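# Fold and contact review
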Amino acid sequence: MPLRARQRCHAAVTAVLALATAAVLSAAPPASAAGTWNEVGSDRADPLTESQGLASVEVPAGSPNHYTGIGTIPIGVRSRGWNHVGDPDASYDGHVVEPYQADSGDAKMYRVQAPDGGWSEYVHKLAPGEALNNSWVAISPDGQWMLSGEYGTMSRFLVFPTPGVNAATSPSADLPQVSTVHLDHAVRDVQGCDFSGPTTLLCSSDDPDGSLFGLTKPLLQVGLSAAPNGTSDVSGHVTALRQLPLRSACSGSFEAEGIDYDRRSGTLRVIVVSPGFCVLTDSRTYRFTQG
């Protein structure tokens, strides 16, 4: 082959390889997707009492993790229509907040356990365009503000005063939405979020499609432009860190559930429910540490 022809052929091959490489990289998850949070162990998640969410509780000292599941809903709460509980969170002073929803209606409910063990209920009437579902709550490190999420494909998180902690809240008054976190990238089917710092959230997504970030069931990180203050909206930069573990003796659809970050040990925990019959046998709460 003449030199010029070889040069033209080499240039064409180089161009094709460059285009192919660019296409692969554009379809792949971010380079940081693997290795930021390393799996270090797991525990069986009971399908009745540990299948929706969890929260590490610091006060009183020595408290066990607080789990939610279909079997943790009190009969009196269920009889009033609140038949689904999501991923809870706990303030650093020991208040635990559980998010509830009903099959229909115009409100959500947040059930709060105080450090002394007493319970109270706070109801939020839906704003126009707000989804009925109530998947999770995340309490800001200062305890004053609570983020809450809607299921489906969303570009926002809602901000409320933390019921039972913020002095502006009362069980006898509507719990108002006070601001919004505007996300720079849509998220799908977020099942739980927790603060790992004043302006950083870690979230578990049950996204079955994978088109948003190039992987299904991702662990997401949301960096906020400022700490929530209850008066100003903030923006959130979304990054997919890795895929959550999907391991079971059964094949089928897994479900990513709640998440918790324990600042005392630096341990991240995420519940993944197994498909089919294996929901009873090998659903897991996976543990991760950063490294």
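The paragraphs below set out a description of the structure included in this document. (Residues numbered from 1 in each chain as written. Predicted model: local features only at pLDDT ≥ 70, side-chain atom pairs only at ≥ 80, totals over all residues. Heavy atoms only, no water.)

It is worth spelling out the state of the cysteines at this point. Here the structure, examined in full by the defined rule, presents two disulfides. Linked covalently through their sulfurs, cysteine 193 and cysteine 203 form a disulfide whose S-S length is 2.1 Å. What sets the handedness of the cysteine 193 and cysteine 203 disulfide is the S-S torsion sign, and at about 110° it is right-handed. Taken together, the positions of cysteine 193 in strand S13 (residues 190-197) and cysteine 203 in strand S14 (residues 200-205) put the pair 10 residues apart, joining distant regions of the chain. Per residue, the accessibility class of cysteine 193 equals that of cysteine 203, and both read buried. Across the disulfide, cysteine 250 is cross-linked to cysteine 278 (sulfur-sulfur distance 2.0 Å). Taking the torsion about the sulfur-sulfur bond, which here is approximately 70°, the covalent link between cysteine 250 and cysteine 278 counts as right-handed. Taken as a pair, cysteine 250 in the loop between strand S16 (234-243) and strand S17 (255-262) and cysteine 278 in the loop between strand S18 (267-273) and strand S19 (284-290) lie far apart in primary sequence, 28 residues in all. (Disulfide = S-S within 2.5 Å. Helix = DSSP H or I, 4+ residues; strand = E, 2+ residues; numbered from the N terminus. Buried < 20%, exposed > 50% of the residue type's maximum accessible area, 1.4 Å probe, protein only.)

Attention now moves to the packing of aromatic side chains. Tallied over the entire structure, the rule returns three aromatic pairs. Considering the side-chain rings of tyrosine 110 and phenylalanine 160, the 5.7 Å spacing of their centres and the 50° angle between planes classify their relative orientation as tilted. In this pair, tyrosine 110 is assigned in strand S7 (residues 107-113) and phenylalanine 160 in strand S11 (residues 153-161), connecting sequence segments 50 residues apart. Measuring from centroid to centroid gives 4.9 Å for tryptophan 136 and phenylalanine 157, while their planes differ by 85°, and the two rings are edge-to-face. Pair noted here: tryptophan 136 is in strand S9 (residues 136-139) and phenylalanine 157 is in strand S11, with a separation of 21 residues, a long-range link. A single burial state applies to tryptophan 136 and to phenylalanine 157, both of which are buried. A cation sits over an aromatic face here: arginine 263 above tyrosine 92, 3.5 Å from the ring centre. (Phe/Tyr/Trp six-rings, centres within 6.5 Å; stacked < 30°, edge-to-face > 60°. Lys NZ or Arg CZ within 6 Å of the ring centre and 35° of its normal.)

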